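Survey of secondary and tertiary structure
One-letter residues, chain by chain:
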Amino acid sequence: MSRHNPPSVVLIGRPNVGKSTLFNRLTGRRRAIVAPIAGTTRDVITHPAEWQGRHFEVVDTGGMFGASKDPLHELVLERGRRAVEQADLLVLLVDGREGLTPGDREISKVLRAANKPVIVAVNKSDDKRAVQGAMEFYQLGFEPILSISAEHGEGTGDLLDAIVETLGIERQADDVVTEDPGGERRVAGELRVVIVGRPNAGKSSLVNRLLKEERMIVSEIPGTTRDAVDVELTWHKRKFRIVDTAGMRRAGKVSGGGQIESVSVLLTRRAIESADVTVLMIDSNVGVTDQDGSIAGAADKAGSSIIIAANKWDLMKDRGHDFSKVFDDATRRQLRFLDYAPILHLSALTGERTPKLLEMIDRVAVARMMRVKTPELNKFIARVTAAHPPPSPGRTEVRILYAAQTGVGPPTFVLFTNVATELHFSYERFLINQLRETFGFLGTPIRLHVRKRKR
Ligand code: GDP
Ligand code: GDP
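Below is a summary of the structure that appears in this document.

Conventions we followed
- Residues numbered from 1 in each chain as written.
- Chains lettered and ligands numbered in written order.
- Predicted model: local features only at pLDDT ≥ 70, side-chain atom pairs only at ≥ 80, totals over all residues.
- Heavy atoms only, no water.
- Helix = DSSP H or I, 4+ residues; strand = E, 2+ residues; numbered from the N terminus.
- Buried < 20%, exposed > 50% of the residue type's maximum accessible area, 1.4 Å probe, protein only.
- Near = heavy atom within 4 Å.
- Polar contact = N/O pair within 3.5 Å; in protein donor to acceptor, adjacent residues only side chain to side chain.
- Areas by Shrake-Rupley, 256 points an atom, 1.4 Å probe, with all protein chains shown as cover.
- Nonpolar A, V, L, I, M, F, W, Y, C, P; charged D, E, K, R; others polar.
- Pairing = 2+ DSSP bridges.
- Axes fitted to C-alpha atoms, helices over the stretch in contact; angles between N-to-C directions.
- Contact = heavy atoms within 4.5 Å.
- Salt bridge = Lys/Arg side-chain N within 4 Å of Asp/Glu carboxyl O.
- Parallel < 35°, antiparallel > 145°, perpendicular 65-115°, else oblique.
- Expected span 1.5 Å × (residues − 1).
- Arc of directions from axis to C-beta.
- Left-handed = near helix turned anticlockwise from the far one by under 90°.

**Considering the environment of Glu 50**
As for its placement among the helices and strands, Glu 50 is situated in strand E2 (residues 45-51). A relative accessible area of 8% places Glu 50 in the buried class.

Right, dumping it as structure tokens:
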């Protein structure tokens, strides 16, 4: 099979079984550019994947199976059927905690009718409740059946083995897989920037402004022209891929796992999961809304860097001298956990400070990839814990013996302690603030893990 026509692996399963988690895992989460591809629809997300030099395409059917009583449902089901029709291999994902459900049987009927190879992946096997789960899925009549944990990566290697074996894909000799020591594979140099915000915040205007103003090399990425607006631009030799989620707005609502969430919100969340930098656009006239808070929370959780862009600042001109401060204070109060995100006042309409935004994106992108050398980090730990030792909940005094930075994008640190413990939220926050103060880390969430030192 050629690179231009990779086999298609379609993930199917009820809502909440872990499809999007598995999708991210299979496509290499941090490098995935999650955007609809031409010919597919907004609620089917396709991305190339590779395993040991073998290339294929993974299709996530999202919440399209198992939704009900929804005007969009029929349409969505139809799209799901089409994805199944075009599949070379189907991966039926089920929840090992819940065991075999009527919904799984329903979906299996569709899959049997398709008459294609099916691999059953029993997910969430990390959970104790999932232990005996796998056996009962043999009733569905598909093989192989593999236990996995999409979230923790357990068994996903075996799943990938089974996928490439079933598909019989040849290795591509010219393909060199580079892996960085942190285990993250990255497309060299390309920064994924996702612009999010409520309808009318000015997302499209901003993208248009950026494209117009800078003398940038703009290319529309093949296949993304119709629905999602995915543009690539180069700024000071830095390549940005910008996803404007405005194009994801209109598709109505789909219910999944009992919750009603608009398709646009789902897609926005997925785009954020693969973003290096999320630009949260706020209409300065309106201020921060609950939806902004929840999107920002998702970005923080996904480990994306965040910039708050206060748009329509041209309309705020006559609000007096200290208005910026009043505005920023209010914004910080409402997005309390985003204290690390820079706020930029700009106008997509007039172009005021939009070049500054590109510069800021670049800065936070550099900060999220920064590594602190271990000796430097340990000096820092010694100094900070001497002044403020960690609280000791038990009888033994908790000491942080040493630390290491284990990852970037977002910066991730492991603290080794003398006893098994968890850091109190406020102490963790204190350490993170100290890390920022000492080393920078502008605009990026920071992860801390605690481990007991092995003897
Ligand atoms: P989707 O609706 O099928 O796309 O499911 P998601 O990927 O959004 O996952 C639904 C929920 O299951 C999320 O809360 C995930 O964190 C959780 N989840 C996914 N994979 C695993 C796993 O391997 N183990 C556990 N314990 N939870 C998981
Ligand atoms: P989107 O829904 O977030 O993509 O928002 P649009 O880009 O479509 O903008 C919504 C409306 O706000 C349009 O009427 C824009 O002209 C207007 N708008 C966008 N940016 C600005 C700005 O900086 N200043 C002012 N005054 N209006 C703006």
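**Side note on the site of ligand 1**
Taken together, 16 residues lie near ligand 1, and Asn 16, Lys 19, Thr 21, Asp 126 and Glu 151 sit nearest. Within the contact set of ligand 1, an oxygen atom lies 3.0 Å away from a backbone nitrogen or oxygen of Ala 150. With the chains in place, 76% of the 580 Å² that ligand 1 exposes on its own is no longer accessible. In terms of residues, the shell around ligand 1 owes the most to one element, helix H1 (residues 19-27), which gives three residues. Within the shell around ligand 1, the residues separate by chemical class into three nonpolar, six polar and seven charged.

**What about the sheet that holds strand E16 (residues 400-407)?**
Within a sheet, adjacent strands bond to each other through the backbone by hydrogen bonds, running parallel or antiparallel. Pairing within the open sheet is mixed, and its three strands lie in the order E16-E17-E18. The open sheet has two edge strands, E16 and strand E18 (447-452), and neither has a second partner. The average undirected angle you get between the axes of adjacent strands in this sheet is 25 degrees. In this sheet, strand E17 (residues 412-417) lies alongside E16 in antiparallel orientation, the contact comprising six bridges. Within E17, the residue paired with Gln 405 across the bridge is Phe 413. Packed onto the sheet, helix H10 (residues 374-387) meets E16 and E17 and runs at close to 140 degrees relative to E16.

**What to know about the pairing of strand E3 (residues 54-60)**
Within a regular beta strand, the side chains point alternately toward one face of the sheet and then the other, so they alternate between its two faces. Buried residues dominate E3, accounting for five of its seven residues. In terms of strand pairing, strand E1 (residues 8-12) meets E3 through four bridges, oriented parallel. Residue Val 10 lies in a different strand from E3, and its bridge partner there is Val 59. Bridge count for E2 against E3 is seven bridges, and the pairing is antiparallel. Residue pairing in the sheet places Thr 46 in a bridge with Val 59 of E3. Hairpin connection from E2 to E3: two residues lie between these consecutive antiparallel strands, with Gln 52 at a positive phi of about 50 degrees.

**Points about the pattern of salt bridges**
For the structure shown, the criterion picks out twelve salt bridges. In this structure, the salt-bridge partner of Lys 317 is Glu 352, at a minimum N-O distance of 2.9 Å. With Lys 317 in the loop between strand E14 (305-311) and helix H8 (323-334) and Glu 352 in the loop between strand E15 (343-345) and helix H9 (354-368), this pair connects stretches of sequence that are 35 residues apart. A salt bridge links Asp 339 to Arg 429; its shortest N-O distance comes to 3.1 Å. Taken together, the residues Asp 339 in the loop between H8 and E15 and Arg 429 in helix H11 (residues 425-439) connect sequence positions 90 residues apart.

**A few points about the packing of H1 against helix H4 (residues 156-167)**
With their axes 11 Å apart at the nearest point, H1 and H4 run at an angle of 75 degrees to one another. Our classification of the angle between H1 and H4 gives roughly perpendicular. Along the contact surface, H1 presents Leu 22, Arg 25 and Leu 26, while H4 presents Thr 156, Leu 159, Leu 160 and Ile 163. Along the lines of polarity and charge, the residues of the contact of H1 with H4 split into five nonpolar, one polar and one charged.

**Describing helix H3 (residues 102-114)**
Taking 1.5 Å per residue as the helical rise, H3 with its 13 residues ought to reach 18 Å, and the 19 Å between its terminal C-alpha atoms agrees with that figure. All of the buried residues in H3 are Asp 104, Ile 107, Ser 108 and Leu 111. The buried side chains of H3 occupy one side of the element, clustering within an arc of 110 degrees when seen end-on. Residues Pro 102, Lys 109 and Ala 113 are exposed on H3 and point more than 90 degrees away from its buried face. Two residues or fewer past H3, Asn 115 is found with a positive phi of approximately 55 degrees.

**Quick notes on the sheet that holds E2**
Strand order across the open sheet formed by six strands is E2-E3-E1-E4-E5-E6, with mixed pairing between neighbours. Across the chains shown, the open sheet's two edge strands, defined by having one partner strand only, are E2 and strand E6 (145-147). Within this sheet the neighbouring strands show an average axis-to-axis angle of 25 degrees, counted without direction. Its contacts with the sheet place H3 against E1, strand E4 (89-95) and strand E5 (118-123), and it is angled at close to 170 degrees to E4.

**Structural notes on the packing of H10 against H11**
Two elements in contact, H10 and H11, have axes whose closest approach is 11 Å; the angle formed by their N-to-C orientations is 125 degrees. Relative to H11, the element H10 is oriented oblique. Between H10 and H11 lies a crossing whose hand is right-handed. From H10, Glu 376, Leu 377, Phe 380, Arg 383, Val 384 and Thr 385 reach across to H11, where they touch Tyr 427, Phe 430, Leu 431, Gln 434, Leu 435, Thr 438 and Phe 439.

Function cannot be read off these values alone, since they describe shape.
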